[in-house]
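So the chains spell out like this:
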Amino acid sequence: MGIVVGSALPSLIFALAIFLLENYLPAPFVEDAPVIFYGAAFIGMASNKILSSYILIGVSGLLFTFIYLHTSPYFDGFGGALGTTAALCFLPVYAVKLLLNRK
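Residues numbered from 1 in each chain as written. Predicted model: local features only at pLDDT ≥ 70, side-chain atom pairs only at ≥ 80, totals over all residues. Heavy atoms only, no water.

Scanning the protein chain from N- to C-terminus turns up four helices and zero strands. Ordered by position from the N terminus, the helices and strands of the protein chain form the series α-α-α-α. Projected onto its principal axes, the C-alpha positions of the protein chain cover 50 × 35 × 25 Å. Every one of the 103 residues in the protein chain was classed for burial, and the buried ones make up 21%. At a minimum sequence separation of 6, the contacts of the protein chain that also span at least 24 residues come to 65%. (Helix = DSSP H or I, 4+ residues; strand = E, 2+ residues; numbered from the N terminus. Buried < 20%, exposed > 50% of the residue type's maximum accessible area, 1.4 Å probe, protein only. Contact = heavy atoms within 4.5 Å.)

Set out below in structure tokens:
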């Protein structure tokens, strides 16, 4: 499907599911979960030639979630914060992979 559709389609399905279940879910979850899912989908757009381990991509996604939840109030109104945060969460995990493969 390509990386853009591969990222956008699951994000759209997740957002629609949240929209349909909005009355049954807690308000903070409804507000933050689609944004977190979409930001983590940016990390999932990494080529499997760069980072082929799903576990490492998952670790990057967890790191993104943690950082987003603790820093999002400070980036209110800034464009590109979601993608930048995703990239900054991907890079340390990628660096660890390079260091481990070097040994």
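Here the narrative resumes, following the displayed structure.
Here helix H3 (residues 54-71) contains 18 residues, and its C-alpha end-to-end distance of 25 Å stays within 8% of the 26 Å for a straight helix at 1.5 Å per residue. Those residues of H3 lying buried are Ile57, Ser60, Gly61, Phe64 and Tyr68. Taken down its axis, H3 places every buried residue within 100° of arc, on the same side. Facing away from the buried surface of H3 by more than 90 degrees, the exposed residues are Ile55, Leu62 and Phe66. (Expected span 1.5 Å × (residues − 1). Arc of directions from axis to C-beta.)

Nothing here speaks to function; it is all geometry.
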